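Residue strings, one per chain:
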There are 4 protein chains.
Amino acid sequence: MREYIHTVQYYETDKMQITHHSNYIRWMEEARVDFLDQMGWPFDKLEALGIVSPVLSVNCDYKLTTTFPEKISINVKIKEFKGVKLFLEYEMKNKDGKTVCIGTTGHAFLNSEGKPIRMKQDYPQLFDILTKAKEL
Amino acid sequence: MREYIHTVQYYETDKMQITHHSNYIRWMEEARVDFLDQMGWPFDKLEALGIVSPVLSVNCDYKLTTTFPEKISINVKIKEFKGVKLFLEYEMKNKDGKTVCIGTTGHAFLNSEGKPIRMKQDYPQLFDILTKAKEL
Amino acid sequence: MREYIHTVQYYETDKMQITHHSNYIRWMEEARVDFLDQMGWPFDKLEALGIVSPVLSVNCDYKLTTTFPEKISINVKIKEFKGVKLFLEYEMKNKDGKTVCIGTTGHAFLNSEGKPIRMKQDYPQLFDILTKAKEL
Amino acid sequence: MREYIHTVQYYETDKMQITHHSNYIRWMEEARVDFLDQMGWPFDKLEALGIVSPVLSVNCDYKLTTTFPEKISINVKIKEFKGVKLFLEYEMKNKDGKTVCIGTTGHAFLNSEGKPIRMKQDYPQLFDILTKAKEL
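About the cut-offs
- Residues numbered from 1 in each chain as written.
- Chains lettered and ligands numbered in written order.
- Predicted model: local features only at pLDDT ≥ 70, side-chain atom pairs only at ≥ 80, totals over all residues.
- Contact = placed C-beta atoms within 7 Å.
- Helix = DSSP H or I, 4+ residues; strand = E, 2+ residues; numbered from the N terminus.
- Least-squares fit on C-alpha atoms with pLDDT ≥ 70 in both.
- Pairing = 2+ DSSP bridges.
- Axes fitted to C-alpha atoms, helices over the stretch in contact; angles between N-to-C directions.
- Nonpolar A, V, L, I, M, F, W, Y, C, P; charged D, E, K, R; others polar.
- Buried ≥ 20, exposed ≤ 12 C-beta atoms within 10 Å, placed from the backbone.
- Expected span 1.5 Å × (residues − 1).
- Core = buried A, V, L, I, M, F, W, Y, C linked by C-beta atoms within 7 Å.
- pLDDT = per-residue confidence, 0-100.

**Observations regarding the interface of chain C and chain B**
Next up, step 1: Listed by partner, the interface residues are ten residues for chain C and ten residues for chain B.
Next up, step 2: At the level of secondary structure, the elements contributing two or more residues to the side of chain C that touches chain B comprise α1 (23–38) and α2 (43–48) of chain C.

What follows is the structure in structure tokens.
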């Protein structure tokens, strides 16, 4: 999988002259969108199938500050997947290869009525791809 | 009409240590929501009637910088209204009463199919209240 | 301590028609600023003393969705404090009193050179107030 | 000059299921940063020289809605430059080549004391490059 690159924007900095911590949560979403794209299951395909994937939890450990206009590379991997909940881990590095932030997000997969989908039965391809990606 | 007060948040500042200019556009929305509330036509009432009111234009002239944790008072008034398009003007002041920003937004009123509503015929109460508010 | 109230803004919603999850991280900052204000140690007083308090970690568990224009009440309490690191917990409730989100943030206290301050010796008043607030 | 491409993010959409209008102001900043980079005068070079370039005004006319995950191309050009104030124009297009938004920003060039710089005398290279770029 190709890493996702986010360039820190001026509007993402704060008066400490560093990236405001809330933005890393948004970068995780950017990286997650790219990750699903690369796996062949882009957000809009999921939405077209009526699958909604809300965020259940986010966690972020800040290691080093970043600021405009640094380029941050984000590596996404599947931390846990058992068919109902998906946990993704994000490692963010600066251009020196130093880890600036480690994050985790938890997700459910719901149908349009808000009930958990039975992914293994109803979307076996998505189930397989997530299961295999986990093993990498 | 009561002025709307926005407290500048830490996350709204940037590395110049002042409020990032994009946030004033959001404060105009906050003040607009409050303005419609005070007139008895809150956003959710409009949406429940199937009226969509997209932003057609925004304009903002920055006079003085602001920063966390200043309290900014925003005075909204109707600049122009002729039944099809509504132009609102926003004067933002700091605690010393100095004008920090003057903004304008333009709005259309559309039905759920995206066509302009005939406000005078279909929503005479809203038409009247906007016409009268203009005259103040 | 008085609860902090945040009104969900239109610009905080996303295409799922609910509050985008990243905004809760910002609300925690708003509530934290208010919490320190109420304790008599506002951010600007800390900054004037040369104390910087970066965010080390954030955690957020989403329980129920919220959306514009709900009013969310946020209760902040000290989860852990031993003089070097401070952990705050945030319970966010909707108008029905249902918990919508539980968050935690971790903070360090650094001097202007980026080194941990010896709070007990150098700022005994702040140390005492945080220690006492913890016991509540 | 190469166009700047912005991919609309999920977190930039709102409950109308379109890009929230405030984000276009931020995209103009992204495109402006890229524009100055391409001219050989990146923001950090300006800041290193002690030149501050605050935004004096923004204007935005929304023509067509956009949404996640569209790719928007932004073409920046100099609308007006006479050594003291710089006005930039931004034309944003969707993948069909249709104009979605036209924006303008106004900028001053100040020294670290907040006084206008005499660009022609003090930074003739920057003055020349902006003057020539205007003629394109």
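**Thoughts on the relation of the copies chain C and chain A**
Next up, step 1: Screw-axis analysis of chain C against chain A gives a translation of 0.0 Å along the axis, an RMSD of 0.0 Å, and a rotation angle of 180°. On the angle and the small slide along the axis, the relation comes out as a two-fold axis. Ranked by how close their C-alpha atoms come to the rotation axis, the residues of chain C are headed by N59 of chain C, at 2.2 Å.
Next up, step 2: Mapped onto chain A, 100% of the interface residues of chain C are again interface residues, and the two copies thus contact each other with one and the same surface.

**Here's the deal with the sheet that holds strand β2 (residues 55–62) of chain A**
Next up, step 1: Spatial strand order, β1(A)-β3(A)-β4(A)-β5(A)-β2(A)-β2(C)-β5(C)-β4(C)-β3(C)-β1(C): ten strands in an open sheet with antiparallel pairing. Of all the strands in the sheet, the pair left with one neighbour each is β1 (4–7) of chain A together with β1 (4–7) of chain C. Direction aside, the axes of adjacent strands within the sheet are offset by 20° on average.
Next up, step 2: Pairing geometry for β1 of chain C and strand β3 (residues 71–81) of chain C, over four bridges, is antiparallel.

**Focus on the relation of the copies chain C and chain B**
Think of it as a corkscrew move, a rotation about one axis and a shift along it, taking one chain copy to the other.
Next up, step 1: When chain C is fitted to chain B, the residual RMSD is 0.0 Å, and the transformation amounts to a turn of 180° plus an axial shift of 0.0 Å.
Next up, step 2: Looking at chain C, 100% of its interface residues are interface residues in chain B too, so the copies touch through the same face.

**Focus on the interface of chain C and chain A**
Next up, step 1: Facing the 14 residues of chain C at the interface are 14 residues of chain A.
Next up, step 2: Of all elements in the fold, only α1 and β2 (55–62) of chain C reach the threshold of two or more residues within the side of chain C that touches chain A.
Next up, step 3: Take the side of chain C that touches chain A: its biggest share by element is eight residues, from β2 of chain C.
Next up, step 4: Its residues placed into classes, the side of chain C that touches chain A shows eight nonpolar, four polar and two charged.
Next up, step 5: Where β2 of chain A and β2 of chain C come together, five bridges link them in antiparallel fashion. Within β2 of chain C, the residue paired with S57 of chain A across the bridge is D61 of chain C.

**Describing the environment of K45 of chain C**
Residue and element names in this part refer to chain C.
Next up, step 1: Assignment of secondary structure puts K45 in helix α2.
Next up, step 2: Under the C-beta neighbour-count criterion, K45 is labelled partly exposed, with 13 such atoms within 10 Å.
Next up, step 3: In sequence terms K45 and G83 are 38 residues apart; their C-alpha atoms lie 18 Å from each other.

**Quick look at α1 of chain C**
Residue and element names in this part refer to chain C.
Next up, step 1: Between the first and last C-alpha of α1 there are 23 Å, a value that for 16 residues agrees with the 22 Å anticipated at 1.5 Å per step.
Next up, step 2: Counting buried positions along α1 yields 13 of 16 residues, so the element is predominantly enclosed.
Next up, step 3: Directly after α1, the chain includes G40, whose backbone phi takes a positive value near 85°.

**Points about the sheet that holds strand β2 (residues 55–62) of chain B**
Sheet strands associate in pairs through backbone hydrogen bonding, adopting either a parallel or an antiparallel arrangement.
Next up, step 1: On the basis of which strands lie adjacent, the open sheet formed by ten strands has the order β1(B)-β3(B)-β4(B)-β5(B)-β2(B)-β2(D)-β5(D)-β4(D)-β3(D)-β1(D) and antiparallel pairing. The strands lining the two open edges of the sheet, one partner per strand, are β1 (4–7) of chain B together with β1 (4–7) of chain D. Neighbour to neighbour, the strand axes of the sheet diverge by 20° on average, direction disregarded.
Next up, step 2: Both strand β3 (residues 71–81) of chain D and strand β4 (residues 85–93) of chain D contribute to a ladder of eight bridges, which runs antiparallel. By the bridge assignment for β4 of chain D, S73 of chain D is matched with K93 of chain D.
Next up, step 3: Strands in contact with helix α4 (residues 124–135) of chain B are β3 (71–81) and β4 (85–93) of chain B; relative to β3 of chain B, the strand with the most contacts, it is inclined by about 110°.
Next up, step 4: Where helix α1 (residues 23–38) of chain D meets the sheet, its contacts fall on β1, β2 (55–62), β3, β4 and β5 (99–108) of chain D, and the angle it forms with β3 of chain D comes to roughly 70°.

**Focus on the pairing of strand β5 (residues 99–108) of chain B**
All names here are of chain B.
Next up, step 1: Taken together, the seven bridges between β2 and β5 define a ladder with antiparallel strand orientation. Bridged to D61 within β5 is I102.
Next up, step 2: As paired elements, β4 and β5 share nine bridges and run antiparallel to each other. Residue pairing across strands places L86 opposite H107, the latter belonging to β5.

**Here we look at the environment of F68 of chain A**
Next up, step 1: Tracing the backbone through its elements, the reader meets F68 of chain A in the loop between β2 and β3 (71–81).
Next up, step 2: Taking the C-alpha atoms as reference points, F68 of chain A and V8 of chain A, separated by 60 residues in sequence, lie 4.9 Å from one another.
Next up, step 3: Those residues within four positions of F68 of chain A in sequence are excluded, and the remaining contacts are V8, Q9, Y10 and T13 of chain A together with K15 of chain B.

**Some words on the nonpolar core**
Next up, step 1: Counting 54 residues, the largest nonpolar core has A31 and I74 of chain A together with A31 and I74 of chain C as its most contacted members.
Next up, step 2: If we ignore the near neighbours within four places in the chain, the residues touching I74 of chain C are E3, Y4, H6, W27, A31, Y90 and M92 of chain C.
Next up, step 3: Counting residues in each nonpolar core, the second largest holds 53 residues, with F35 and F109 of chain B together with F35 and L130 of chain D among its members.

**Thoughts on the confidence of the model for chain A**
As a note on interpretation, predicted positions should not be read in detail where pLDDT is low.
Next up, step 1: For chain A, mean pLDDT is 95; residues scoring 70 or higher make up 100% of the total.
Next up, step 2: Interface predicted TM-score (ipTM) for the complex: 0.95; the corresponding pTM is 0.97.

**As for unusual backbone geometry**
Residues and elements named next belong to chain B.
Next up, step 1: Here the bond from F68 into P69 is cis, since omega is -5°, no more than 30 degrees from zero.
Next up, step 2: Within the fold, P69 resides in the loop between β2 and β3.
Next up, step 3: Phi at Q17 is positive, roughly 70°, even though this residue is not glycine.
Next up, step 4: Take Q17: there are 14 C-beta atoms within 10 Å of it, and that puts it in the partly exposed class.

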